[in-house]
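Single-letter residue listing:
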Amino acid sequence: MKILVVGGAGYIGSHAVKQLLEKNIEVVVIDSLETGHQESIPNQAVFYHVDIRNKEKLKEVFIKESFDGVIHFAANSLVGESMTNPLKYYNNNVHGAQVLLEVMVETGVKYIVFSSTAATYGDIKTMPITEDMVTSPTNTYGETKLAIEKMLKWTHKAHDLNFVCLRYFNVAGADASAKIGEAHTVETHLIPLILQVPLGQRDHISVYGNDYPTKDGTCIRDYIHVTDLVDAHLLALNYLIAGGKSDIFNLGSNSGYSVLEMIEAAREVTGHEIPLVISEKRAGDPALLVASSEKAQKVLNWSPKHTDVKAIISSAWNWHKSHPNGYKGD
C-alpha cells in the first residue's frame, strides 16, 4: 500500500508519517514547508516540496506515484490570523483542498482522511459535543474546515470519492522517541507555551480569565495525545479501504482539564514553579470544550491510550528539552 500524506512535515503529519512507516506502508509526503519542517520527515519517506495549489506539479506526483489513499493535514491553522487575514485561509485551506480533490478525481484515487477541527462547532453550550450537533464556526479557520467537509460530501456524491473527516479537539504531546514534536514559528498552544517557562524562554504563563463558570474559574479543554490521534487516522484509512461509508468523527479524550490543572501538572512533570499571571479574557474563548468520541470508538474501534495528562505533558517536555529551538538545532 502507498499513502500520500499532505502536510507530512507538520506537527501531526510527521507523526502520521512515522507511524505509517512503522506499519511497513509506503509513504509519500507533499509539503510546501510554509510551516512544516523537512527535518521531521524520515528518510524512508519520499518527499516532494510542492504546494498543493500548484495543480500541474501535484498531478505529476499523483501520476508518478499511484496512491492507494490520501491523508490530508495541510492547512493554515492560527485562529487569530484567520480573523485578520481570512482570504489567506480560504486560498490555502479551501482552494488547496479543491485542487487536491480535482487531482484525486482525475487520477482515480478514491480514499481520503481529512484533518478537520472542533472549531467547526463554534460556541456550543451542551457537553460533551457529539457529531450531530449544529456546526456554527466562530472564526474563519473553523469556517474553512467546514467548507472542506462540505466539499468532500458533494465530491463523494458526484464522483464516489470516499472520505472520513476527523474533528480534533486539543492535540498535544510528542512521539516517545522525542525525535519529532510540536514546533511552531508562532506558538499558540497551551502546553508548549507553559513549557517555555521552565525552558527559560518566558518568565511566566498568562492565564486568560479566571472567572469562567468552571470548577476553578479557568477554561476547560479536552486534550488528545498526538499518537492516539494518528492511530485514528490509520484506522479511518483502513475503514474506508475495507468499504466503510464516508463519515465524520470527533477525536478527543472524553474528559476535560482546566488551564490551572494543566499548569499544576506541568509543574509536577518539570519540577519548575512556573509562575502565572491572570490576564484579561480573550474574545470567543468558550468556558468548556469536551468531545464525545463514542462514535469513533464504536465505528472505527478507536480509543485513546494516553489519557493521563501528566504523561501527555511529559512526552512534550522530553521533546522540548531535547529541542528547545524546535528543529532549528537539527
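First things first, this report covers the structure right here in the doc. Every chain begins its residue count from 1, and numbering advances along the sequence as written. Residues qualify for local features only when their pLDDT is at least 70, as the model is predicted, and side-chain atom pairs are given and counted only at 80 or more; totals for whole chains, interfaces and linings, by contrast, use all residues. No hydrogens and no water enter the side-chain calculation; it runs on all heavy atoms of the structure.

### Observations concerning the packing of aromatic side chains
For Phe, Tyr and Trp, where Trp contributes only its six-membered ring, two rings pair if their centres lie within 6.5 Å, and the inter-plane angle classes them as stacked under 30 degrees, edge-to-face over 60, or tilted in between. Under the counting rule described, the total for this entry stands at three aromatic pairs. Between F62 and F67, the ring centres sit 5.1 Å apart and the planes meet at 85 degrees, which makes this aromatic pair edge-to-face. Judged by its relative accessible area of 8%, F67 falls in the buried class. Seen from their ring centres, Y239 and F249 are 6.2 Å apart, and the 85 degrees between their planes marks the pair as edge-to-face. Taken together, the residues span a long stretch of sequence, with Y239 in helix α7 (residues 226–241) and F249 in strand β11 (residues 247–251) at a distance of ten residues. Both residues of the pair, Y239 and F249, belong to the buried class. Note that K281 overlies the ring of Y212, its terminal NZ or CZ placed 4.4 Å from the centroid. When accessible area is computed with a 1.4 Å probe and restricted to protein chains, residues below 20% of their type maximum are described as buried, those above 50% as exposed, and intermediate ones as partly exposed. Going along the chain from the N terminus, every DSSP run of H or I of four or more residues is numbered as a helix, and every run of E of two or more is numbered as a strand. Only lysine NZ and arginine CZ atoms are considered, and such an atom sits over a ring when it is within 6 Å of the ring centre and within 35 degrees of the ring normal.

### Points about the layout of surface pockets
Grid points spaced at 1 Å and placed over the protein atoms alone form the basis of the search, with a cavity being a set where a 1.4 Å probe fits but cannot get out and a pocket an open set showing protein on both sides within 12 Å along at least five of seven lines. Lining residues have an atom within 4 Å of a point. Grid points are joined across faces, edges and corners, and a volume is the space filled by probe spheres set on the points. The space that makes up the second largest pocket amounts to roughly 340 Å³. Around the second largest pocket, the lining is made up of 19 residues, and of these A183, H184, P324, N325 and G326 lie nearest the centre. Grouping the amino acids of the lining of the second largest pocket by side-chain chemistry returns seven nonpolar, nine polar and three charged. Throughout, the ten residues Ala, Val, Leu, Ile, Met, Phe, Trp, Tyr, Cys and Pro are labelled nonpolar, Asp, Glu, Lys and Arg are labelled charged, and all others, Gly among them, are labelled polar.

### Describing the pairing of strand β2 (residues 26–31)
Counted residue by residue, β2 has five buried out of six residues, so it is predominantly covered. Think of it this way: DSSP has to see at least two bridges between two strands before they count as a pair. One ladder, built from five bridges, connects strand β1 (residues 2–6) with β2; its direction is parallel. Residue pairing across strands places I3 opposite V27, the latter belonging to β2. Convention used here: a crossover is right-handed provided that the path from the first strand, over the helix, to the second strand proceeds clockwise when the strands point away from the viewer. For the crossover from β1 across helix α1 (residues 11–22) to β2, the handedness is right-handed. The pairing of β2 with strand β3 (residues 46–49) spans four bridges and is parallel. By the bridge assignment, D31 is partnered in β3 with H49.

### Quick notes on empty space enclosed by the protein
Tallying each qualifying case throughout the model produces one cavity of 30 Å³ or more. There is about 30 Å³ of room inside the largest cavity. Together, L20, K23, I25, L234, L237 and N238 line the largest cavity. In terms of residues, the lining of the largest cavity owes the most to one element, α7, which gives three residues.

### What about the pairing of strand β4 (residues 69–72)?
Of the two faces of β4, both are covered, the one formed by G69 and I71 as well as the one formed by V70 and H72. As paired strands, β1 and β4 are joined by four bridges and run parallel to one another. Residue pairing across strands places V6 opposite H72, the latter belonging to β4. In terms of strand pairing, β4 meets strand β5 (residues 111–117) through three bridges, oriented parallel. Along β5, the bridge assignment pairs H72 with F114.

### Overview of the environment of G244
Structurally, the position occupied by G244 is in the loop between α7 and β11. Measuring from C-alpha to C-alpha, the distance between G244 and V164 comes to 9.3 Å, with 80 residues separating the pair along the chain.

### Details of the pattern of salt bridges
Salt-bridge detection follows one rule: a side-chain nitrogen of Lys or Arg within 4 Å of a carboxyl oxygen of Asp or Glu. Taken as a whole and assessed by the stated rule, the structure comprises 20 salt bridges. K18 is the salt-bridge partner of D175, the closest N and O atoms lying 3.3 Å from each other. Here D175 is found in the loop between β7 (170–172) and α6 (190–195), whereas its partner K18 is found in helix α1, with 157 residues between them in sequence. Accessibility expressed as a relative area gives 8% for D175, which makes it buried. Residue classification places K18 among the partly exposed positions, given a relative accessible area of 21%. As a salt-bridge pair, E268 and K310 come within 2.9 Å of each other at their nearest N and O atoms. Taken together, the residues span a long stretch of sequence, with E268 in helix α8 (residues 259–270) and K310 in helix α10 (residues 309–322) at a distance of 42 residues. The class of E268 is partly exposed, set by a relative accessible area of 49%. For K310, a relative accessible area of 35% translates into the label partly exposed. By sharing partners, the salt bridges in this structure join K55, K59, E102 and E106 into a single network.

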